Amino acid sequence: MTAFSPSEAIASNSLPPVDSRQRASQFLKNLQDDICQALEQADGGAQFREDSWDRPEGGGGRSRVIREGNVFEQGGVNFSEVWGETLPPSILVQRPEAAGHGFYATGTSMVLHPRNPYIPTVHLNYRYFEAGPVWWFGGGIDLTPYYPFVEDVVHFHRTLKQACDAHHAEYYPTFKLWCDEYFYLKHRQETRGVGGIFFDYQDSRGALYHGPDTTGAAALYSNQIGNIGPRTWEQLFAFVKDCGNAFLPAYLPIIERRRSLEYGDRERNFQLYRRGRYVEFNLVYDRGTIFGLQTNGRTESILMSLPPLVRWEYGYQPEPNTREAELYETFLKPQDWVNWSL
């Protein structure tokens, strides 16, 4: 029997297993398959069309798009797996110790734009990254309603919290705050939607928050709870798997509750106007979009998150005491949705 010192044991636990890339890739492929199958059943009309693509520098992916369905006006569920020798600048800014190493990245990302304004747009992304001694998991899920219902938002957040709590009691409160911070349109001073969870750079280090805003709510909360202790690759992989598998039970019940609600031109026009915020965020702030373009990813797959139809209106202001005003006054401000009274 070989004895290890505490420091040696921690160093050993911080390394990924030899089959880390294969296991992460297989899970993310399976997640894409499971989500697409369930969404086709929920839609009941349209099916996903798949385009497989190769990246000249190394890797490729499967892009799947659903269009003109009973529920989904357009949506995409993508899987990618890429590698190369040159790290994109967006990575080196955060983890300069990765410089000089080749990289590997795999992920599944999804954006769904339903036709009915009462069904929210939803976004999901989970990913894994390696470069020399550096590795991490990242991702999250967030909801963007146009005419929100409190019970839908509470259900969505409670489902995500349950998945997080199975691994650590501080995951949901930290990653919920991080989501509110990340999906925020600074030039509009409003959140993109009602949030969910978001995390990045999760590795063996004990701190939970690794974002840019060191004075924000997520950073302050993470600093308050301090170092939660070293976490292994296996522990974080299990956490990401549970988060990914929480999507369908979080979102499908919302579709079923709202798909038959009638709407008119007013609701449709407001939905198209609010979709403009989605375009603004993804083209200005979204790190996945930036990473994909910097690594010469497939442009059609990177921009599949954009809605098929959108409109802008100069100087729009919602009428007082309307559901449109309620969206701005309540739902586009960070709230403690898990403990919200129904």
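Look up: the structure comes first, before these words.
What counts, and at which threshold
Residues numbered from 1 in each chain as written. Predicted model: local features only at pLDDT ≥ 70, side-chain atom pairs only at ≥ 80, totals over all residues. Heavy atoms only, no water. Helix = DSSP H or I, 4+ residues; strand = E, 2+ residues; numbered from the N terminus. Buried < 20%, exposed > 50% of the residue type's maximum accessible area, 1.4 Å probe, protein only. Polar contact = N/O pair within 3.5 Å; in protein donor to acceptor, adjacent residues only side chain to side chain. Contact = heavy atoms within 4.5 Å. Core = buried A, V, L, I, M, F, W, Y, C linked by side-chain atoms within 4.5 Å. Pairing = 2+ DSSP bridges. Axes fitted to C-alpha atoms, helices over the stretch in contact; angles between N-to-C directions. Parallel < 35°, antiparallel > 145°, perpendicular 65-115°, else oblique. Nonpolar A, V, L, I, M, F, W, Y, C, P; charged D, E, K, R; others polar. Expected span 1.5 Å × (residues − 1). Salt bridge = Lys/Arg side-chain N within 4 Å of Asp/Glu carboxyl O. 1 Å grid on protein atoms, 1.4 Å probe; cavity = no way out; pocket = protein on both sides within 12 Å on 5 of 7 lines; lining within 4 Å. Points joined across faces, edges and corners; volume = space filled by probe spheres on them.

J.: Quick question: what am I supposed to make of the side chain of Arg 62 here?
T.: Mapping Arg 62 onto the fold places it in strand E2 (residues 59-67). Look at Arg 62 and you get buried, because its relative accessible area is 19%. Here Lys 29 takes part through its backbone oxygen, which lies 3.3 Å from a polar atom of the side chain of Arg 62. There is a polar contact of 2.7 Å between the side chain of Arg 62 and the side chain of Gln 32. Sequence-distant contacts of Arg 62, defined by excluding residues within four places in its chain, comprise Lys 29, Gln 32, Asp 33, Glu 50, Asp 51, Ser 52, Trp 53, Val 77, Asn 78 and Phe 79.

J.: Can you walk me through the nonpolar core in this structure?
T.: Nonpolar side chains tend toward joint burial in soluble globular proteins. Membership of the largest hydrophobic core comes to 72 residues, with the highest contact counts inside it found for Leu 39, Met 110, Val 122, Tyr 126, Ile 197, Phe 247 and Tyr 251. Here this core takes seven residues from helix H2 (residues 20-43), the largest share from any one element. Discounting residues that sit within four places of it in the chain, Val 122 has contacts with Met 110, Val 111, Leu 112, Ile 141, Asp 142, Leu 143, Phe 156, Phe 247, Tyr 251 and Tyr 278. Listed in part, the 13 residues of the second largest apolar core include Phe 103, Phe 129, Ala 131 and Val 134.

J.: Sorry, what's going on with the sheet that holds strand E1 (residues 49-54) here?
T.: Backbone-to-backbone hydrogen bonds join strands into a sheet, with any given pair of strands oriented parallel or antiparallel. Taking strand neighbours across the sheet as the criterion, the seven strands line up as E1-E2-E3-E4-E5-E6-E9 in an open arrangement whose pairing is antiparallel. A strand with exactly one partner marks an edge of an open sheet, and here the two such strands are E1 and strand E9 (195-202). Adjacent strand axes in the sheet meet at a mean angle of 5° when their direction is disregarded. Running over the sheet, helix H4 (residues 150-165) touches strand E5 (121-131), strand E6 (134-144) and E9 and is turned about 30° from E9. Across the face of the sheet, helix H8 (residues 247-258) comes into contact with strand E3 (72-84), strand E4 (103-114), E5 and E6 while running at roughly 15° to E4.

J.: Hey, could you run me through the packing of helix H9 (residues 265-284) against helix H12 (residues 323-331) in this one?
T.: Two packed helices can be described by the angle between their axes and the distance between those axes. Two elements in contact, H9 and H12, have axes whose closest approach is 11 Å; the angle formed by their N-to-C orientations is 30°. Between H9 and H12, the angle falls in the class roughly parallel. Facing Arg 266, Phe 270, Tyr 273, Arg 274 and Arg 277 of H9, the residues of H12 in contact are Glu 324, Leu 327 and Tyr 328. Residue composition of the contact of H9 with H12, by class: four nonpolar, no polar and four charged.

J.: Is there a simple way to think about the environment of Lys 29 in this case?
T.: Residue placement: Lys 29 occurs in helix H2. A relative accessible area of 26% means that Lys 29 is categorised as partly exposed. For the pair formed by Lys 29 and Phe 281, sequence separation is 252 residues and the distance between their alpha carbons is 27 Å. Apart from the residues lying within four places of it in its own chain, the contact partners of Lys 29 are Arg 62, Phe 79 and Thr 108.

J.: Would you mind going over helix H5 (residues 171-182) with me for this structure?
T.: Because each turn of an α-helix spans 3.6 residues, side chains separated by three or four positions end up pointing in the same direction. Across its twelve residues, H5 extends 16 Å between first and last C-alpha, which sits within 8% of the 16 Å expected from 1.5 Å per residue. For H5, the tally of buried residues reaches ten of twelve residues, placing the bulk of the element in the interior. For H5, the set of buried residues is Tyr 171, Tyr 172, Thr 174, Phe 175, Lys 176, Trp 178, Cys 179, Asp 180, Glu 181 and Tyr 182.

J.: When you look at the pattern of salt bridges in this model, what are you seeing that I'm missing?
T.: Oppositely charged side chains may form a pair once their charged atoms are brought near each other. For the coordinates displayed, the defined rule picks out 27 salt bridges. Put simply, Asp 203 and Arg 95 hold a salt bridge, and the shortest N to O gap is 3.0 Å. Separated by 108 residues along the polypeptide, Asp 203 in the loop between E9 and helix H6 (217-225) and Arg 95 in the loop between helix H3 (89-94) and E4 bring together distant segments of the chain. Since its relative accessible area comes to 7%, Arg 95 is described here as buried. For Lys 176, the salt bridge identified is with Asp 180, shortest N-O distance 2.7 Å. Placement of the pair is Lys 176 and Asp 180 together in helix H5, with a separation of four residues, close to one helical turn. Accessibility assignment for this pair places Lys 176 and Asp 180 in one class, buried.

J.: Any chance you could explain empty space enclosed by the protein here in plain terms?
T.: Over the atoms a probe the size of a water molecule is rolled, and this reveals where empty space is left. Taken as a whole, this structure holds five cavities of 30 Å³ or more when the rule is applied. As for the largest cavity, its lining consists of 46 residues, of which Ser 109, Asn 125, Gly 288, Thr 289 and Phe 291 are closest to the centre. With seven residues, E4 is the largest single contributor of residues to the lining of the largest cavity. Taken together, the residues that form the lining of the largest cavity break down as 18 nonpolar, 20 polar and eight charged.

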